[in-house]
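What the coordinates show
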Amino acid sequence: MKRWLQEVWAGFYTVLVGMRITWRHLFTNSVTLQYPSVRWTLPPKSRMRLFMKYEDCIGCGQCVRACPVNCISLKTEKRPADAPPIWAASGQPIKLHVSVFDIDMSLCCYCNLCTYPCPTFCIYMTPEYEFATGDLSQHLYRFAKKDAQFLMEDPKKKAAPAEATPETPVAPQNPPASPAGA
């Protein structure tokens, strides 16, 4: 009989412990997020979708070599010698024409390794993370475009004349005192 009462008490005790946990969580604020209307703020430097600013790409291919899963496709060709010079926003001359720059985000492992070696910082991770689709081919992003507007003047030369403007002469702070009685 004593053993039976101990087992009954142990059964009730475990139920009471479980109910204590249930009651404690019943009156706390909800942590569930109503996703489409409310979104978490992402931490800084979150790695989400890759983006490439085509107008700044010099076609060096360092991002392709750095990618561990080969999700970046790049094809370049030498620009004609008689073509007008063009520059990236960083001031580097663009000597190669990038005919294909594709990123297959379905293969990307979001490691961010392709962004570090880029000398013109034209490839970077965006904070956009909502790009789910039912069709896997929708994750192939083609960045090469025919109607791109390139810089026709070197941005470094533009900045140099602005810094080299001569300073205007400064008037003396304390003018000489006039003699009293004059």
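On a predicted model such as this, the values are computed, not experimentally measured, just so you know. (Residues numbered from 1 in each chain as written. Predicted model: local features only at pLDDT ≥ 70, side-chain atom pairs only at ≥ 80, totals over all residues. Heavy atoms only, no water.)

Notes on the overall build of the protein chain
Spelled out, the test is: Helix and strand labels come from DSSP, where a helix needs a run of H or I of at least four residues and a strand needs a run of E of at least two; each type is numbered from the N terminus. Partly exposed residues are those whose accessible area sits between 20% and 50% of the maximum for their type, while under 20% is buried and over 50% is exposed, using a 1.4 Å probe and protein chains only. What makes two residues a contact is simply this: any of their non-hydrogen atoms within 4.5 Å.
Each helix and strand in the protein chain was counted, giving three helices and five strands. Across the 182 residues in the protein chain, those meeting the buried criterion constitute 24%. Of the contacts made within the protein chain by residues no fewer than 6 positions apart, 78% connect residues no fewer than 24 positions apart.

Regarding the sheet that holds strand β2 (residues 72-78)
Stated precisely, the cut-off is as follows: DSSP-based pairing: two strands are paired if at least 2 bridges between them are found. All axes here are fitted lines through C-alpha atoms, helices being fitted over the stretch that makes contact, and every angle between N-to-C directions spans 0 to 180 degrees.
The antiparallel open sheet is built from three strands, whose spatial order is β2-β3-β5. Edge positions in the sheet fall to β2 and β5 (140-142), since each has one partner strand and no second. Put simply, the sheet's adjacent strands are angled 15° from each other on average, direction ignored. Bridge count for β2 against strand β3 (residues 96-104) is seven bridges, and the pairing is antiparallel. What sits directly across from T76, in β3, is V98.

Concerning unusual backbone geometry
Backbone geometry follows two general trends: most residues other than glycine have a negative phi, and most peptide bonds adopt the trans configuration. At Y110, a residue that is not glycine, the phi angle is positive and equals roughly 55°. Phi at F121 takes a positive value of approximately 55°, unusual for a residue other than glycine. Assignment of secondary structure puts F121 in the loop between β3 and β4 (123-126).

Details of the pattern of salt bridges
To be explicit about the condition: Salt bridge criterion: a side-chain nitrogen from Lys or Arg within 4 Å of a carboxyl oxygen from Asp or Glu.
Taken as a whole and judged by the stated rule, the model has six salt bridges. As a salt-bridge pair, E7 and R3 come within 3.7 Å of each other at their nearest N and O atoms. With E7 and R3 both in helix α1 (residues 2-26) and four residues apart, the pair spans about one turn of that helix. Judged by relative accessible area, which is 59%, R3 ranks as exposed. The partner of D102 in a salt bridge is R142, with the nearest N and O atoms 2.8 Å apart. Of this pair, D102 sits in strand β3 while R142 is found in strand β5, placing the two residues 40 residues apart along the sequence. According to the relative accessible area criterion, D102 is buried, its value standing at 9%.

Looking at the packing of aromatic side chains
Just so we agree on the cut-off: Stacked, tilted and edge-to-face are the three classes applied to pairs of Phe, Tyr and Trp rings, where Trp contributes its six-membered ring and a pair requires centres within 6.5 Å; stacked means planes under 30 degrees apart, edge-to-face means over 60, and tilted covers the rest.
Evaluated as defined, the whole model comprises six aromatic pairs. A connected cluster of aromatic rings, assembled from ring pairs, spans F51, F101, Y124 and F143.

A closer look at the confidence of the model for the protein chain
For residues with low pLDDT, the predicted coordinates do not support detailed interpretation. To be explicit about the condition: Predictor confidence is given residue by residue as pLDDT, running from a minimum of 0 to a maximum of 100.
Mean pLDDT for the protein chain: 84, with 86% of residues reaching 70 or above. In this model, residues 174-182 is a region of pLDDT below 50 whose contacts with residues beyond four sequence positions or in other chains number zero contacts.

Section: the state of the cysteines
Rule in force here: The definition used for a disulfide is geometric: two cysteine sulfur atoms within 2.5 Å.
Within the structure shown, the criterion is met by zero disulfides. C71 carries a free sulfur, and the closest cysteine sulfur to it, the one in C67, is 3.6 Å from it. Taking relative accessible area as the criterion, C71 reaches 4% and is therefore assigned buried. Among the cysteines around C114, which has no disulfide bond, C67 carries the closest sulfur, lying 6.2 Å off.

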